[in-house]
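Topology and contacts: notes
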Amino acid sequence: MALARIDLPHAARRGELVEVRIVIQHPMETGFRRAPQGERVPRNAIHSLVCRYSGTEVFRATLSTGIAANPFLRFFLRATQSGDLDFWWLDDDEVQGAAQTHLVVSS
Amino acid sequence: MRKYLILAALIACAAQAQNRSGLEFASDEIRRLQASDAENPGMLWVDQGAKLFAQKCASCHVSMKGVATRYPAVEDGRIVTLEAKIRHKEAFAYESDELLALTSYVAHQSRGMPMNTKISEKDVEKGKAAYYRRRGQMNLACAHCHEQNWGKHLGAETLSQGQPNGYPAYRLEWQKMGSLERRIRACMFGLHAELPPYGSDAMLELELFLVWRANGLPIETPAVRR
């Protein structure tokens, strides 16, 4: 089960810069660790993440194993209209994750 | 000059006697991480716990506010931790995400409330003895670091008092949440000592003593530690 926490201001004015923060629960396995019996733990990291704002892509990130488990990302976007923020990500096991939130914009 | 020295010594003595949360020994970055619910990764487990609680526990329980302040407790002569209490219905594995999530969720509801266990000094006799007993190849007791030398450095680490008020906590070393029992085992590992099994008497007695000693410190779950 993919779990994520998105943090946004409750409301924004049109044209305002909005800070978006997201934490995703993910082990971000590097592929270099070994289990107690010596076998290698296979690499499994989120490698791509996309954020769409009212259907338009506004943020894209390429992640790799240098990023700690439960990655935290922060970016800014300009509020234009009320709409959904859709996050989508994919890891090395081809497991997709998604999270959604709503941004309310007043003029 | 002498007057100031005496005053400084008095302040040092007063500080010595006081319980200090592990947070006070943490770096600014870690404190900031713990303080912000949007950035604290431990909140992921609290969220997961809320979902599990709604599925599995909500038919009997409503609010768990204040519950975590009273655990571990002694019930009918046996030591019962919050983990053990949660496991009474469904035996989740120790350190499983489910158990950590539920424990974190319950403890989180008491965040900021002082630990208030009703344990007597007699109850913690065994744990106290274990706390002061030397162990492992390093031949050190818990007290050597966490009572006699807290605030000083061990390598790059600042030794804390080893207070349990933040657990279950998110440890950067683990890259996930972990229980107080796991933290105690991590110390034992460092001493090259035998690791007490999860839920064993030796573990529970030590845990009970730590909690008795920490009475009055605010609960910080989900705390962030190095």
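That block above? That's the structure.
A brief look at the structure comes next.

Cut-offs and rules
Residue numbers run consecutively from 1 along every chain, following the written order of its sequence. Think of it this way: whatever chain is written first is A, whatever ligand is written first is 1, and the rest follow in order. Selection of residues for local features in this predicted model requires a pLDDT of at least 70, selection of side-chain atom pairs for listing and counting requires 80 or more, and totals for whole chains, interfaces and linings are taken over all residues. A helix here means a DSSP run of H or I that spans at least four residues, while a strand means a run of E at least two residues long, and both kinds are numbered starting from the N terminus. To sort residues by burial, count the other C-beta atoms lying within 10 Å of each one's C-beta; a count of 20 or more means buried, 12 or fewer means exposed, and anything in between means partly exposed. C-beta atoms are built from the backbone. This entry defines residue contacts through backbone-placed C-beta atoms, with two residues in contact when those atoms are within 7 Å. Three residue categories are used. Nonpolar comprises Ala, Val, Leu, Ile, Met, Phe, Trp, Tyr, Cys and Pro, charged comprises Asp, Glu, Lys and Arg, and polar comprises the others, including Gly. The pairing criterion is simple: DSSP has to find at least two bridges between the two strands. For helices, the axis comes from a line fit to the C-alpha atoms of the stretch in contact; other axes are also lines fit to C-alpha atoms, and the angle between any two N-to-C directions lies between 0 and 180 degrees. Take the residue count of a helix, subtract one, and multiply by 1.5 Å to get its expected span.

1. As for unusual backbone geometry
A cis amide bond links B:Tyr167 to the next residue, B:Pro168, at an omega of 0°. Backbone torsion omega between B:Thr221 and B:Pro222 reads -5°, so that peptide bond is classified as cis. Unusually for a residue other than glycine, A:Ser54 sits at a positive phi of about 50°. With respect to the secondary-structure elements, A:Ser54 resides in the loop between strand E4 (46-53) and strand E5 (56-62). The phi dihedral of B:Asp76 falls on the positive side, at around 50°, and the residue is not glycine. Assignment of secondary structure puts B:Asp76 in the loop between strand E1 (73-75) and strand E2 (78-80). You can call B:Asp76 exposed: it has 5 C-beta atoms within 10 Å.

2. Considering the interface of chain A and chain B
Between chain A and chain B, the residue contacts involve 10 residues of the former and 9 residues of the latter. Those elements giving two or more residues to the side of chain A that touches chain B turn out to be strand E1 (4-7) and strand E3 (17-24) of chain A. For the side of chain A that touches chain B, a count of residues per class yields 5 nonpolar, 2 polar and 3 charged.

3. A closer look at the sheet that holds E3(A)
Residues and elements named next belong to chain A. Taken in spatial order, the 3 strands make up an open sheet running E1-E3-E6, and their pairing is antiparallel. The sheet terminates laterally at E1 and strand E6 (72-78), the two strands that pair on one side only. Shown here is a sheet whose adjacent strand axes are inclined to one another by a mean of 20°, direction ignored. Inspection of the sheet shows E3 paired to E6 by 7 bridges, in the antiparallel sense.

4. A word on helix H9 (residues 201-213) of chain B
For an α-helix, the turn length of 3.6 residues means that residues three or four places apart are oriented alike. Residue and element names in this part refer to chain B. Under the 1.5 Å per step criterion, the end-to-end length of H9 is 18 Å for 13 residues, consistent within 8% with the ideal 18 Å. Of all 13 residues in H9, 10 are buried, a share of seventy percent or more. Three or more residues of H9 are buried, namely Met203, Leu204, Glu205, Leu206, Glu207, Leu208, Phe209, Leu210, Val211 and Arg213. Close packing links the buried residues of H9 with E2, helix H6 (125-132) and helix H8 (180-190).

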